[in-house]
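Next come the chains, spelled out residue by residue.
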Amino acid sequence: MQDAVLHPPQAAPAHYEHFRLAPLTGALGAEIVGVSLANLSDAAFREIERAIADHLVLAFRDQSLEPVDQITFARRFGIVEPWPYARPMDGYPELTELVSEAGDINNFGGSWHTDSSTFAKPPAYTLLYCVTAPPVGGDTSFANQYLAWSTLPDDVRAALDGLRLEHSTARGFGDHSRSRGSTAVTSTPVSVPPGHEDLVSIHPVARTHPVTGHKALYVNSGFSSNFEGRTESESRPLMNALAAHGSIPEFTCRIRWQPGTLVIWDNRCTLHYAHNDYRGHPRIMRRAVVAGERPV
Ligand code: SIN
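Each value, and the rule that gives it
- Residues numbered from 1 in each chain as written.
- Predicted model: local features only at pLDDT ≥ 70, side-chain atom pairs only at ≥ 80, totals over all residues.
- Heavy atoms only, no water.
- Buried < 20%, exposed > 50% of the residue type's maximum accessible area, 1.4 Å probe, protein only.
- Helix = DSSP H or I, 4+ residues; strand = E, 2+ residues; numbered from the N terminus.
- Pairing = 2+ DSSP bridges.
- Right-handed = clockwise from strand over helix to strand, strands pointing away.
- Near = heavy atom within 4 Å.
- Polar contact = N/O pair within 3.5 Å; in protein donor to acceptor, adjacent residues only side chain to side chain.
- Areas by Shrake-Rupley, 256 points an atom, 1.4 Å probe, with all protein chains shown as cover.
- Nonpolar A, V, L, I, M, F, W, Y, C, P; charged D, E, K, R; others polar.

> Before we go on, may I ask you to explain the pairing of strand β3 (residues 57-60) in this structure?
Within a regular strand, the side chains alternate between the two sheet faces. The side-chain alternation of β3 yields two buried faces, one formed by Val-57 and Ala-59 and the other by Leu-58 and Phe-60. Bridge count for strand β2 (residues 30-33) against β3 is three bridges, and the pairing is parallel. Residue pairing for β3: Ile-32 is matched across the bridge by Phe-60. In this fold, β2 hands off to helix α2 (residues 42-55), which returns the chain to β3; that crossover is right-handed.

Written out as C-alpha cells, the structure reads:
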C-alpha cells in the first residue's frame, strides 16, 4: 500500500444539529456524544442515518440502554432478526449476549469478517452494546471496504468485476474463531440449527451499496470459501490476498469499549475484528442485527 488514502467524509464531516460527531480515522468511524438513544427524536434519527452512510461505523458514548431500548433503536433501521446460531437473551429473542468469561481462551468474532455472509440476505447492520468491558483490551477494529475496492489496481478490479464467491458455514459458525469439531472454549453459547450445517450462499466479490451506490469489496477470511466454479485450493491464493488487502491498517479504525457504549456498523461495506487480548477478565455485550438485502 503506497498511495495516500482517505474516505472523504472523515476529513469533512457534515454538520449535525442533534449531536456532536468526531471522526476516528481517515478511513472510517465516528464517535458521537450529546444524544440519548433511549429518547431519540425522528429528526435526530434522520441525522444518524446520514452519519452511518458517511462514516460506516458509529460509536455512541455514555448511553444507558435497557434491552428494550436497544431493540427499539435497532428497529428504526429495519427488521430486527433473531440470530439463529446462539440462544437468545432470556425474554428478548432479538438479542444475543456475547459473553467472554475470565477463563475463556477463544473469543467471539476474533477474525476479520462481515456478519453472516453465509446468509442469502446477510444483515445490513449490527448494533453492539457494551455491558461489561475488561479494564484494557477487547477492542473491536473495523475496515472500510469501499477503500479496499477503490484502491485495487484498475486491471484487478476489471478482472474481479462480475466474479462471485461462495460463503460457507464449513469455514466457521457463529464464533468465527473455531471451525467445526473444535473444542476450543468460548462462553457464548453458539450452536448450529438444522439447515445451517452446510449453508452456502453465493455473492458478488464487489457489491454495490443500496444507499450510497458505491462499490465495496465483499471478501472475508471468516466465511468466504471459494470462487464460483473453482475449488477452494484454486481460490485460496487470490481470496487470501484480497482478504489481506481489505484489512490493511490504513483502512481501519479501532473502538475502545466502555460500559454504555453502543456501536452500530454497516456490514455491507465494512469488516470487523474482535480483539482477544483480555484473558482473565470478563467482557459482556448485547448484539442485535438488522435484516439486509441480497448483495448485488
Ligand atoms: C461480532 O463479531 O459480531 C462481535 C464483535 C465484538 O464482540 O467485538
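> Can you walk me through the site of the ligand in this structure?
All residues adjacent to the ligand are Leu-98, Phe-108, Gly-109, His-113, Asp-115, Leu-128, Thr-140, Trp-265, His-272, Ala-274, Arg-283 and Arg-287. Within the side chain of Thr-140, a nitrogen or oxygen atom sits 2.6 Å from an oxygen atom of the ligand. Note that an oxygen atom of the ligand is positioned 3.0 Å from one of the side-chain N or O atoms of His-272. In the complex, the protein chains occlude 100% of the 260 Å² of accessible area that the ligand would expose alone. Elements that contribute at least two residues to the shell around the ligand include exactly β15 (270-274) and β16 (283-290). Classifying every residue of the shell around the ligand gives five nonpolar, four polar and three charged.

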